[in-house]
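# Tertiary structure, described
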Amino acid sequence: MAAKKTITVEQIASANRRPEIQTKTLIGLGLNKLHRQSTLEDTPSVRGMINRIPHLVRIVDEKGKA
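Reference entry: report on the structure contained in this document. (Residues numbered from 1 in each chain as written. Predicted model: local features only at pLDDT ≥ 70, side-chain atom pairs only at ≥ 80, totals over all residues. Heavy atoms only, no water.)

Here we have 3 strands laid out as an open sheet, ordered β2-β1-β3, and antiparallel in their pairing. Looking at which strands have only one partner, the edges of the open sheet turn out to be β2 (37–41) and β3 (57–63). Neighbour-to-neighbour, the strand axes of this sheet turn through a mean angle of 25°, independent of strand direction. As paired elements, strand β1 (residues 6–11) and β3 share 6 bridges and run antiparallel to each other. Note on β3: the bridge partner recorded for T6 is K63. (Pairing = 2+ DSSP bridges. Helix = DSSP H or I, 4+ residues; strand = E, 2+ residues; numbered from the N terminus. Axes fitted to C-alpha atoms, helices over the stretch in contact; angles between N-to-C directions.)

Rendered as structure tokens:
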């Protein structure tokens, strides 16, 4: 079985004084405090969530083969 692609994201900015939808997106990614990291399966839905809040998160690592 092929290894699934994963992506690791880190929260780099606070969600304070941000719209509620951005806070909920962070929680959906498994983040809620600064400098926390979360490793997720690299899917279009996860990429879409990251693209909605690029000012709050950064991609630390991408692993896996297509």
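And the narrative resumes.
So, about helix α1 (residues 20–28). In an α-helix, one turn spans 3.6 residues, which is why side chains three or four residues apart end up on the same side. Considered for burial, the residues of α1 that qualify are Q22, T25 and L26. End-on view of α1: buried residues confined to an arc of 100°, all on one side of the axis. Along α1, the residues that are exposed and aim more than 90 degrees away from the buried face are E20, I21, I27 and G28. Close packing links the buried residues of α1 with β1, α2 (44–52) and β3. Trailing α1 by a residue or two, G30 shows a phi angle of about 85°, which is positive. (Buried < 20%, exposed > 50% of the residue type's maximum accessible area, 1.4 Å probe, protein only. Arc of directions from axis to C-beta. Contact = heavy atoms within 4.5 Å.)

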